[in-house]
Amino acid sequence: MAQGLPSTASLARFCQKLNRRKTLEEPTTETSLQCHLTTLELTLLGVGAPVGMGLYLLMGTVAQEMAGPAVTVSFSVAAVASLLAALCYVEFEVRVPCTGSPYLFTYVSMGELWAFLVGWIVLLECLISGAAMARSWSHNLDSVFSHNIWRFTEAHVGIWQVPFLAQYPDFLAAGIILLASGYISSGGRISSWLNRTFLAISLVVILFIIILGFVLARPHNWSSEEGGFAPFGFSGIMTGAATCLYAFVGFGAIAASSKEARDPKRAVPMAITISLVLVAGAYILVSTVLTLMVPWHSLDPYWALSDAFYQRGYSWAGFIVAAGAICAINTLLLNLFLFLSLMVHAMAADGLFFQVFACMHSRTQVPVVGILVFGVLMALLALLLDLETLVQFISIGILLECTVLPTSIIIIRFQKAPPSSSQDPGSPVGTEQASAPEVGQLRPALRPYLSFLGGCRPGAAVAWALGVLVASAITLDCVLVFGDTALHLPPWGYTLLLVLSSATFLLSLLVLGAHQQQHRQDTFQVPMVPLTPALSILLNIFLMLHLSYLAWLYLSICLLIGLAVYFGYGIRHSKENQRERPRLTVPHGSLEEMVPALQPPSQAPAQEPDHTEQPASP
């Protein structure tokens, strides 16, 4: 071998480092959680989180700059994509023995590098979404004072004409972020009573907007003279759907509370479905009355709902809506900082992020350094960046998370999990699993028809099929989105690529479905695997491709910075790296080589107790 080139063994060890997963221990102490949450209570949790985000932050931007009145269709498509991702989220939540986040789920199933990248994207999402919330908050407050704050800033600072930057620095938005970060860093918390109060206010404001909005509706605003129902066409509707996905983040709160549900297998999926239907219905009705009250092109995206009432001369109604927006965004911003503090501490405690962010204040028990550093960065973003730019940045990160989750579900379903020592060997479930074919192998009924796959090692065909599935989904979506425009394909070339990519996608799906997968009767599992997660992957990639080049540029830069942080710091300081012990070499080409198997807590090697709960999505 040439001097200076790494050996095959060193490359193999390096790849194993990238794919090492977090080991979790079963809690040794009696949990204080009680199974008391009903389906109704879980549903209210799912409704409360996303209401303010969709109404006051995204709706005006999508309606005015992406979809027009067809924003109603955008919210419908986003609801379907969110439901598919939510089902995957819940299965992970019931599999992992502590409250988790996409970062944790990826760490225990796909490996360390992928987990770091997901966690890194989540941290940046928090920064950008907090900045966007603060800008919307400041504009609603400014409307209460008849825009005197804006006029004062414009007179003394002037207007900027720089692409991607706001027209003027929003000192009010930066100030509210610094206040929120100071409050959380000093140990402040948000009581459940305050959350319920602001939820009630938001629901009352929504009903108020819908009722008065239909009274003031003008069907002419959807006419061709005003641009029609879908002025930006199908592409605009899909771009709007990709952006609206962030409005459906409430399923994270339901999944995080799944262990407190009385009957999680039934209550959790039902609560997610009902909450998504209710939230989607509210978004569709409110966006309908919004675009019927005033022409979509006259809306101010920063405070669209209150602006619509002001344009119609109902300043008192605009004041009520603005006050409701301020209350809702206050709660969202504080909850976001609480989530951010937990997320930063979780990654730093695992050794993947700088150790200074893991330091907890002795009195308040919060990572003060992390909150203050990210608070200052968030304030700078709110001070300088335009709302549309911020919203697009949020969307591509959320879609990337929602693509990783179903991919992880397929991986763990076709992995062979060692039996838990806590399981009674004589139980019916254990007997059934012992007599069942090995996970990752062909189903016995299909072996005569697919004999060419019978010689593969368990998991090898599944690993290849999953890789082909993702590649064909990307190809198919690229053909659908860019075939007639950017690629300039002739009709025969477009049809040929469409047929080939579709056939490859379906064949890989059939190969996956022909193999034995895990079945657990005691917990919730995503129905119709691998079809459901495959459709989720296909839809999420399709929506991602409709986002602007700026969003993709942002994602690329963020991933490059994240990789620099991981390879410069995280890979060496990882807690799993410190615990690493010699492990058995996995057969080449197997699923476990591509991604290590999800190891149950009972099989984890001895280690220091680590019961730090990972944060659930806000």
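All of the points below concern the structure found in this document. All figures in this text were calculated on a predicted structure; none of them were measured in a lab. (Residues numbered from 1 in each chain as written. Predicted model: local features only at pLDDT ≥ 70, side-chain atom pairs only at ≥ 80, totals over all residues. Heavy atoms only, no water.)

Glancing now at the overall build of the protein chain. When helices and strands are counted, the protein chain shows 22 helices and zero strands. Residues counted as buried form 55% of the 618 residues belonging to the protein chain. Taking the intrachain contacts of the protein chain between residues at least 6 apart in sequence as the baseline, contacts between residues at least 24 apart amount to 83%. Carbon together with sulfur atoms contributes 68% to the accessible area of the protein chain, which is approximately 26,300 Å² in total. (Helix = DSSP H or I, 4+ residues; strand = E, 2+ residues; numbered from the N terminus. Buried < 20%, exposed > 50% of the residue type's maximum accessible area, 1.4 Å probe, protein only. Contact = heavy atoms within 4.5 Å. Areas by Shrake-Rupley, 256 points an atom, 1.4 Å probe, with all protein chains shown as cover.)

On to the packing of aromatic side chains, then. With the rule as written, the count across this model stands at 22 aromatic pairs. On the numbers, 5.1 Å between centres and 15 degrees between planes, the contact of F353 with F357 is stacked. Residue classification places F357 among the buried residues on the basis of a relative accessible area of 8%. Ring geometry for F353 against F374: centres 6.4 Å apart, planes inclined by 40 degrees, an arrangement best described as tilted. With F353 in the loop between helix 13 (315-349) and helix 14 (368-384) and F374 in helix 14, the pair connects residues that are 21 residues apart, well separated along the chain. Each member of the pair, F353 as well as F374, is classed as buried. One aromatic cluster is present, built from ring pairs that chain together F116, W120, F353, F354, F357, F374, Y566, F567 and Y569. (Phe/Tyr/Trp six-rings, centres within 6.5 Å; stacked < 30°, edge-to-face > 60°.)

Before going further, it helps to examine the packing of helix 5 (residues 112-144) against helix 13. Remark: helix 5 packs on helix 13, axes separated minimally by 9 Å, with the N-to-C direction vectors making an angle of 160 degrees. Viewed along their axes, helix 5 and helix 13 adopt a mutual orientation that is roughly antiparallel. Seen along the crossing, helix 5 lies across helix 13 with a hand that is left-handed. Partitioning the contact of helix 5 with helix 13 into residue classes produces 22 nonpolar, seven polar and no charged. (Axes fitted to C-alpha atoms, helices over the stretch in contact; angles between N-to-C directions. Parallel < 35°, antiparallel > 145°, perpendicular 65-115°, else oblique. Left-handed = near helix turned anticlockwise from the far one by under 90°. Nonpolar A, V, L, I, M, F, W, Y, C, P; charged D, E, K, R; others polar.)

Following V529, the chain continues to P530 via a peptide bond in cis, the omega torsion being 15 degrees. Its identity is not glycine, yet M528 carries a phi of approximately 55 degrees, on the positive side. Along the polypeptide, M528 turns up in the loop between helix 18 (491-513) and helix 19 (531-544).

What follows concerns the packing of helix 4 (residues 102-109) against helix 15 (residues 387-413). Taken N-terminus to C-terminus, the directions of helix 4 and helix 15 make an angle of 35 degrees; their axes are 10 Å apart at the nearest point. For helix 4 against helix 15, the interelement crossing comes out left-handed. Within the contact between the two elements, helix 4 uses P102, F105, T106 and S109 and helix 15 uses E401, V404, L405, S408, I411 and I412.

Taking 1.5 Å per residue as the helical rise, helix 13 with its 35 residues ought to reach 51 Å, and the 50 Å between its terminal C-alpha atoms agrees with that figure. The buried fraction of helix 13 is high, at 26 of 35 residues. Looking one or two places after helix 13, you find G351, whose phi comes out positive at around 85 degrees. (Expected span 1.5 Å × (residues − 1).)

A few words on the pattern of salt bridges. Throughout the structure, instances matching the rule amount to two salt bridges. Two residues, R20 and E112, come together in a salt bridge whose shortest N-O distance is 2.9 Å. Residue R20 is found in the loop between helix 1 (8-19) and helix 2 (39-67), and its partner E112 is found in helix 5; the two are separated by 92 residues along the sequence. In this structure, E91 engages R413 in a salt bridge whose closest nitrogen and oxygen atoms are separated by 2.9 Å. Here the residue E91 occupies a position in helix 3 (residues 71-95), and R413 occupies one in helix 15, the gap between them amounting to 322 residues. (Salt bridge = Lys/Arg side-chain N within 4 Å of Asp/Glu carboxyl O.)

This brings us to a nonpolar patch on the surface. On the surface, L178, F354, V356, V369, V373, V376, L377 and L380 cluster together to form a nonpolar patch covering roughly 610 Å² of accessible area. The biggest single contributor to the nonpolar patch is helix 14, with five residues. Note that L377 resides in helix 14. The class for L377 is partly exposed, based on a relative accessible area of 40%. (Patch = residues over 30% accessible without salt bridge, like charges linked within 9 Å, V, L, I, M, F, W, Y side chains within 5 Å.)

Another aspect to go through is the nonpolar core. Judged by nonpolar contacts, the single largest core of 173 residues is most densely connected at Y56, I177, F248, L305, F337 and F353. Beyond its immediate stretch of four places on either side in the chain, Y56 contacts S136, V205, Y302, L305, V321, G324, A325, A328 and I329. (Core = buried A, V, L, I, M, F, W, Y, C linked by side-chain atoms within 4.5 Å.)

Attention now moves to the side chain of S181. Topologically, S181 is positioned in helix 7 (residues 171-185). Assessed through its relative accessible area of 2%, S181 is described here as buried. In contact with S181, not counting residues within four places along its chain, are F337, I371 and G375.

A few words on the state of the cysteines. Applying the stated criterion to the full structure yields zero disulfides. The thiol of C88 is unpaired, and the distance to the nearest cysteine sulfur, on C402, comes to 9.1 Å. Judged by its relative accessible area of 6%, C402 falls in the buried class. (Disulfide = S-S within 2.5 Å.)

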